[in-house]
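Listed below are the residues making up each chain.
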Amino acid sequence: MLTIERTLEAAETPAPQAVRKKKRNTRPAWEEPPTIAGETAKGITLGVVLLVMLVPLWIIVVTSLSTQGAVNRAGGLVIWPDGLTLEAYRVMLGDTTVRTALLVSLGITAVGTLVSMAVSVMCAYGLSRSRSFAHRFLLTLLILTMFVNGGLIPTFLVVTGLGGYGQWWSLILPSAISVFNILILRSFYSSTSADLIEAARIDGAGDWRILWSIVLPTSRAVTAVMALFYGVGYWNSFFNVMLYMPTDSEKWPLQYVLYTYVNRGNGMPGSVNAGFGTALSQTAPLSLQMAVVVLTLVPLLIVYPFVQKHFRTGVLTGAIKG
Amino acid sequence: MGNELNRRSFLNVAVSAAGLVAMGPLLSACGSGPAQRAGVGSEAALKAVLPAYVPNTAIKPDIASIAGGPDVMTNPGFLSYPANRVATVSGIPGKGGTYSAVTPLWGTIPPADNAFYTAMNKALGVQLQMKPADGNNYNTIIPTMTASKRLPDWIQLPTWWNSQMNVGGLVGNQLADLTPYLSGDNIKKYSNLAAIPTAAWRAGAWGEKLYGIPSFATGFQIAGTLYYRRDILEAKGITADQVKSADDLMNLGKELTDAKNGVWAFDDVYRYLYTSFGAPLKWRVDNGKLVHLYETEEFYAALDWNNRLATAGYVHPDALAGDNANGNTRFFGGKTLISSGGTGTWNLADHQSGQAANPNYRRGALNIIAADGKSALRVDMGPGANIMSYLNINLKPEQIEECLAIANYLAAPYGSAEFTMVNFGVEGTHFTVVDGVPTATEAGKKEVQAQTFPFLAAPAAATNSPGVPAVTKDYLAWQAANVKALAKPVFWSMNISMPQAQATADAGQQVEDAMKDCIHGKKSVAEVREAVASWKTSGGGDKLIQWTNDNVLQKHGTGQ
Amino acid sequence: MTTATPTRPDRGTRPARQNWRVRLRRDRSLILMTLPAVVLLLVFNYVPLFGLVTAFQEYDPLAGIWYSTWAGLDQFQRLFGDALFWNAVRNTLYLSFVQLILFFPVPIALALLLNSVLSQRVRNFIQSVVYLPHFFSWVLAITIFQQMLGGAGALNHFLRNNDIGTWDVMTNPDTFALLVSAQVIWKEAGWGIIVFLAALAAINTDLYEAAAADGAGRWRRLWHITLPGLRGVIVLMLVLRLGNALTVGFEQFLIQRDAVGYDTADVLDTFSFYYGIATGDYSYGAAAGLFKSVISLLLIWGANKLAHAFGEDGLYRR
């Protein structure tokens with residue numbers, strides 16, 4: 001039992017990390033001082049990368065804040081501000097349906113991520129112990145689904161056949177597993193803490209205990225990343241809504257509701273001049289579209305730092321040894 | 001078949017805008033049995049069941065319709081909103097039934113339970129559960145419903161998706177036959193429905209039976225036309241009537257393109273211009289022989305001209321890069337001066353969008369031309385209506401009658417009390433009258449403007465642009481100038497259901513692809529000819545022509 | 001213990017050939033753990049496989065799978081005789097290859113570069129910016145490219161006004177492979193680094209310290225500690241990428257197909273879309289899809305064998 005207890009202790013107090021955080025810009029003592037040429041090259045590369053990423057972001061934000069006149073004068077996305085307004089955001093955020101949809105999205109994302117992570121973590125660990133019973137067969141079973149699928153309709157028929165039409169679970173279960181994610185998790189787990197696991201096993205710990213007390217705490221980075229992958233997937237999910245609850249607007253998640261804003265400008269082709277379009281808002285569709293993009297990014301910007309935090313946990317295993 | 005163009009251009013928009021796979025029809029995996037499609041019926045039998053046409057005279061438009069050829073007329077126009085809102089329906093039409101209704105909505109879906117729905121239900125005397133679905137994915141959503149047999153009581157199926165949604169297979173299987181209720185004089189029970197022109201009912205007829213209830217019927221249905229920036233061109237001394245031939249257009253390209261200042265004369269115009277070269281919309285009968293568009297020399301002449309237009313550098317590069325979604329924005333911004341689009345583009349909202357960029361903005365449409373400047377002017381007309389709603393086959397006769405009574409209310413003419421209710425809501429709550437123009441309140445914008453009910457039934461189109469009468473005047477003046485050119489194409493308004501192999505050939509994807517590259521200046525006309533040659537043999541083109549000749553032309557004629 | 005070299009298999013220490021009953025009893029909790037995932041896959045992935053039969057039919061949506069006529073291998077015969085299909089296969093493989101060379105290493109390099117930045121704050125900032133384009137739709141990404149590099153875009157506006165001629169990279173078929181790679185790098189590289197960052201985080205820093213104490217410089221540490229630490233993930237990603245060689249993206253090509261022409265831009269997925277789904281020729285599309293599945297399975301099997309041949313784990317241990 002001794003080994004496991006020490007592991008837990010270490011997980012709770014990642015001491016070296018805390019030290020590093022305080023002395024933010026200092027390098028570890030063993031690392032040689034940076035060369036000027038190296039730093040310059042690095043700086044230039046990262047500068048270019050940043051520029052290439054930030055310019056489009058700028059364009060998107062400016063366009064989302066532009067008046068219809070500004071968008072139309074630009075003939076597309078706006079680069080230089082030329083008449084700014086918060087109209088697009090006002091239109092969207094002032095809508096009560098958006099608020100309900102936000103709750104729905106949060107719920108689906110939370111529950112879905114939980115389900116997906118539980119299933120995936122268990123499955124990945126279950127397959128990560130090499131030479132275990134039937135693991136190659138099960139892996140093959142998983143991998144096959146990455147390349148062969150029956151198509152949209154049969155899946156739809158299975159889900160509706162199980163009574164999933166209009167049900168919340170139809171937004172979660174059919175796409176709860178990403179085999180790709182399981183493979184990544186498994187790859188991390190199978191190279192993780194073999195010594196610790198062996199020690200724990202000698203101490204009589206079962207697989208459930210090992211997963212919970214050793215594997216999970218020592219691979220927090222990849223766990224966080226997978227939760228991010230799944231969470232983002234649920235947050236942005238779209239297609240299942242369209243298939244399984246296309247007309248239950250009170251159940252729609254945020255992305256789907258926002259999407260209807262994006263398309264209000266498209267209208268119908270060849271429609272007669274019978275007042276179509278009188279329903280169009282004064283705000284240019286393009287600025288609405290970009291506001292939707294910005295709104296999509298906001299939650300990611302909020303969540304990402306929490307994921308990022310775990311990228312520094314590599315030192316943790318080092319602490320256990322001592 | 002006339003709406004082929006609309007469907008295509010719509011698909012393009014939908015695909016590029018949403019990027020979602022239009023997998024619609026794939027979904028109907030569990031069919032009900034060996035394929036049975038309703039298709040074209042005998043012309044005489046259909047004529048016998050078409051509803052009587054009784055025009056509504058209660059409200060006089062400011063600009064009266066002008067008749068063209070058979071089934072052709074310009075829209076009536078209203079320059080102001082009628083002050084005296086005549087009631088056309090006496091009493092409450094419904095008897096307390098409960099119905100679910102699904103319509104597409106290109107816009108924000110209103111809250112599920114709102115004051116407008118409540119008020120409407122009260123006025124209609126039924127519980128109509130409106131379930132609007134996202135319009136851009138509608139062609140994926142509907143086949144899921146039909147696959148699992150979950151159609152609501154009342155549903156909207158736009159005609160340009162007829163083949164994708166298998167309407168030909170749904171009528172009689174999942175959708176109710178309305179012939180007993182509406183044929184001939186039976187329709188007179190529903191005076192507002194009776195005021196919808198016959199051509200529109202024909203578009204909803206399958207195999208000698210009536211199924212669809214048309215919305216926004218119009219006698220001036222064309223796929224689209226060439227638009228120009230009237231304000232900018234007139235400032236340069238160019239007017240629409242100076243453009244009489246393809247050469248005139250080409251010269252305008254040279255004159256107007258100013259790439260250094262980011263201005264190109266043209267956006268993509270091929271789709272709405274090729275028939276001006278004398279090419280048929282899709283089919284033509286030469287001396288009794290059925291000829292497909294791809295077999296005509298005029299088709300290649302049109303391609304050649306558009307190819308030259310592109311290679312000469314007169315077409316906006318974004319259009320050549322396949323970006324259609326921002327075509328309107330380019331037009332508003334004056335980056336392109338001549339563009340093309342459906343006639344629905346020209347309305348109040350367009351005017352307001354354009355003016356936001358430039359206060360002088362004025363949209364105009366070029367007149368229909370003959371490419372050689374000499375031939376007779378001609379533009380092919382589409383079916384009498386593109387928006388078609390259907391009732392579920394499981395409804396009992398008295399329920400169908402109740403729904404038709406509701407449809408009659410929804411089809412009340414422009415300016416009537418019912419129309420005002422359906423389109424503007426409750427006065428004081430959803431709109432107020434400002435200078436004679438019903439103006440939406442915040443609640444009105446959210447709940448009413450989304451336009452859900454008119455997709456179940458609506459009166460024949462009346463052009464209007466409340467508050468800006470100039471738009472209506474411009475538009476109807478153009479219609480009046482061109483109404484004589486409208487003519488029925490071969491197989492006009494015939495709902496043809498083809499076997500899968502023919503439908504595939506009919507789509508002619510390999511030719512369409514080569515064609516697009518040609519009008520974008522990337523492939524020569526000769527290469528399109530090669531694509532057509534292979535389409536005729538291995539692509540099933542010859543078989544399509546044979547099939548159409550045997551099953552449509554020989555049996556039912558041209559429908560003209 | 002996380003180490004740079006593959007760890008000892010913790011069940012390999014036992015006698016190799018055991019009675020399967022014994023192994024099943026020993027591993028029953030492991031099997032139990034995989035059960036939820038397996039059930040979900042069986043229900044939502046394996047049951048719907050009945051849809052594959054449409055590839056052997058003259059599928060008619062109205063009649064349904066049950067009543068559609070059988071076509072045997074007709075669809076495949078048509079497919080293999082279709083020049084457009086082979087054109088799409090060629091394009092797919094070519095684009096896949098170019099992207100493998102140009103795109104695959106970028107997230108790894110970027111992750112290493114970021115990892116070498118000492119300032120936590122700078123690193124966090126860059127990380128949270130570079131991954132954002134992943135969330136843009138392809139429509140938006142390409143609109144931005146068009147507005148920058150298109151014939152009417154910022155670059156050409158500048159060139160035109162200075163009489164340097166124009167350079168429309170957006171509609172040039174010859175440079176299309178480079179263009180789409182650049183787009184993928186811009187959009188996905190930042191997202192792609194996340195897994196590698198997680199892998200970097202799993203490397204024991206003690207190893208670096210020990211190596212530095214032994215006099216190993218920056219580059220030697222990279223070569224002997226960092227890269228081996230990433231190897232498992234890199235090989236896994238590479239194997240999956242090779243298995244997915246027939247998948248290069250869909251929307252990106254769908255949108256730009258008109259710009260460069262279908263000769264250049266049609267890949268297998270757009271081919272299936274245009275010549276299968278969009279034209280109602282479903283069985284044809286299904287046949288193309290099945291072909292793709294079979295080839296992909298062969299590829300992933302081959303890639304896995306190749307990994308084993310190099311002594312790597314690949315998808316699973318040999």
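Criteria and thresholds
- Residues numbered from 1 in each chain as written.
- Chains lettered and ligands numbered in written order.
- Predicted model: local features only at pLDDT ≥ 70, side-chain atom pairs only at ≥ 80, totals over all residues.
- Contact = placed C-beta atoms within 7 Å.
- Helix = DSSP H or I, 4+ residues; strand = E, 2+ residues; numbered from the N terminus.
- Nonpolar A, V, L, I, M, F, W, Y, C, P; charged D, E, K, R; others polar.
- UniProt positions renumbered as here; feature names shortened; annotations may be inferred.
- Axes fitted to C-alpha atoms, helices over the stretch in contact; angles between N-to-C directions.
- Parallel < 35°, antiparallel > 145°, perpendicular 65-115°, else oblique.
- Left-handed = near helix turned anticlockwise from the far one by under 90°.
- Buried ≥ 20, exposed ≤ 12 C-beta atoms within 10 Å, placed from the backbone.
- Pairing = 2+ DSSP bridges.
- Right-handed = clockwise from strand over helix to strand, strands pointing away.

## Observations regarding the interface of chain A and chain C
- Between chain A and chain C, the contact holds 87 residues from the first and 80 residues from the second.
- A per-element tally of the side of chain A that touches chain C places helix 3 (residues 36–64) of chain A first, with eleven residues.
- Looking at side-chain class alone, the side of chain A that touches chain C contains 51 nonpolar, 24 polar and twelve charged residues.

## What about the UniProt feature "domain: ABC transmembrane type-1" (unreviewed entry) in chain C?
- Mapped onto the present numbering, the UniProt feature "domain: ABC transmembrane type-1" (unreviewed entry) falls on residues 89–303 of chain C.
- Note that residues 89–303 of chain C is 76% helix and 0% strand, and that its end C-alpha atoms are spaced 19 Å apart.

## A look at the packing of helix 3 of chain A against helix 7 (residues 120–130) of chain C
- Remark: helix 3 of chain A packs on helix 7 of chain C, axes separated minimally by 10 Å, with the N-to-C direction vectors making an angle of 40°. As judged from the angle between their axes, helix 3 of chain A and helix 7 of chain C are oblique. Handedness of the helix 3 of chain A/helix 7 of chain C crossing: left-handed. In contact with A:L46, A:V49, A:L50, A:M53 and A:L54 of helix 3 of chain A, helix 7 of chain C contributes C:I126, C:V129 and C:V130.
- A per-class count over the contact of helix 3 of chain A with helix 7 of chain C returns eight nonpolar, no polar and no charged.

## Concerning the pairing of strand 2 (residues 98–105) of chain B
Residue and element names in this part refer to chain B.
- Of all eight residues that make up strand 2, six are buried, and the element is covered over most of its length.
- When strand 2 meets strand 3 (residues 127–134), the two strands line up parallel, connected through eight bridges. Looking at the pairing, T98 lines up with Q127 of strand 3.
- Considered for its hand, the β-α-β crossover made up of strand 2, helix 3 (residues 115–124) and strand 3 is right-handed.
- Both strand 2 and strand 4 (residues 154–156) contribute to a ladder of two bridges, which runs parallel.

## Let's talk about the environment of A:L51
All names here are of chain A.
- As for its placement among the helices and strands, L51 is situated in helix 3.
- Residue classification places L51 among the exposed residues on the basis of 9 C-beta atoms within 10 Å.
- For the pair L51 and G150, spaced 99 residues apart in sequence, the C-alpha to C-alpha distance is 43 Å.

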